[in-house]
Amino acid sequence: GESVGLHLPTLSVQEGDNSIINCAYSNSASDYFIWYKQESGKGPQFIIDIRSNMDKRQGQRVTVLLNKTVKHLSLQIAATQPGDSAVYFCAEEDSSYKLIFGSGTRLLVRP
Amino acid sequence: GAVVSQHPSWVICKSGTSVKIECRSLDFQATTMFWYRQFPKQSLMLMATSNEGSKATYEQGVEKDKFLINHASLTLSTLTVTSAHPEDSSFYICSARTGSEQFFGPGTRLTVL
């Protein structure tokens, strides 16, 4: 995963617009990836996952894209709502089922 | 989905004291539990992996004598921060794994004065 940073990059979007949050992962052998949403003072909340045998997976208003060639993961949120404001983390699972988290992106939704 | 609880949700203690944090899987049995630490504006960092009835496996740089983990049953793991110091102040989060899924607790905010 990405190295832990001292600050979180921020994505600011207008309510109703689509959001795209990106993540780079480190281990080309990882075969399971998850996106989590974390609100202030709370634990991570599962959003969507994808396995390495897929390159796209859709959920309700969310889509995850996986590009194994460049080890890149993205989360797309359609029609972003104020309740989507949070910090979003990607995570890769290693062979021991340990999760390695990316550094996170703060999503701010402007009304 | 499955529910994981943590207790307490927050704790303030004096430097030098020990603090115990509980992690429980409420409606399922967890084969493995994990403990994470999260400093402000940073990501979650795995501290240790805990399996019921066996010793925890600690990540590099995490002192096992300082962060004692006990996994007494398939639904309970505890993390004890011994001789806590202000630099141990952090948000501690546990997760519990069952099958192929991992569920997170709500976290415990530790503040050491």
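Look above for the structure.
Now for a quick tour of the structure.

Cut-offs and rules
- Residues numbered from 1 in each chain as written.
- Chains lettered and ligands numbered in written order.
- Predicted model: local features only at pLDDT ≥ 70, side-chain atom pairs only at ≥ 80, totals over all residues.
- Heavy atoms only, no water.
- Contact = heavy atoms within 4.5 Å.
- Buried area = accessible area lost by both parts, 1.4 Å probe.
- Salt bridge = Lys/Arg side-chain N within 4 Å of Asp/Glu carboxyl O.
- Polar contact = N/O pair within 3.5 Å; in protein donor to acceptor, adjacent residues only side chain to side chain.
- Helix = DSSP H or I, 4+ residues; strand = E, 2+ residues; numbered from the N terminus.
- Core = buried A, V, L, I, M, F, W, Y, C linked by side-chain atoms within 4.5 Å.
- Buried < 20%, exposed > 50% of the residue type's maximum accessible area, 1.4 Å probe, protein only.

The partner chain A presents 21 residues to the 19 residues of chain B that form the contact. Here chain B meets chain A over a buried area of about 1600 Å², counting both sides, of which 57% is carbon and sulfur. On the chain B side of the interface with chain A, the three residues burying the most area are Lys41, Ser43 and Phe104 of chain B, jointly 29% of the side's total. Taken together, chain B and chain A are joined by two salt bridges. Close ionic contact of lysine 98 of chain A with glutamate 59 of chain B constitutes a salt bridge, the shortest N to O distance being 2.7 Å. Taken together, the links from chain B to chain A amount to six residue pairs in polar contact (both at pLDDT 80 or more). Looking at the side of chain B that touches chain A, the elements that each hand over two or more residues are strand 4 (32-38), strand 5 (44-51), strand 9 (90-98) and strand 10 (101-104) of chain B. The greatest single-element share of the side of chain B that touches chain A, amounting to four residues, is contributed by strand 5 of chain B.

Turning next to the nonpolar core. Ranked by size, the top nonpolar core spans 25 residues in total, and within it Val4, Trp35, Phe67, Leu79, Tyr92 and Leu110 of chain B carry the most contacts. Elements that contribute at least two residues to this core include exactly strand 2 (10-13), strand 3 (19-25), strand 4, strand 5, strand 7 (67-73), strand 8 (76-81), strand 9 and strand 11 (108-112) of chain B. Here leucine 110 of chain B is in contact with Val11, Cys13, Val19, Val81, Asp88, Ser89, Ser90 and Tyr92 of chain B, once residues within four sequence places are set aside. Ile21, Phe33, Leu66 and Ile77 of chain A belong to the second-largest nonpolar core, a separate cluster that totals 19 residues.

Okay, the side chain of threonine 80 of chain A next. Looking at the secondary structure, you find threonine 80 of chain A in the loop between strand 7 (72-77) and strand 8 (86-93). In contact with threonine 80 of chain A, not counting residues within four places along its chain, are Val13, Glu15, Gly16, Asp17, Asn18, Ser19, Arg61, Leu107 and Val109 of chain A.

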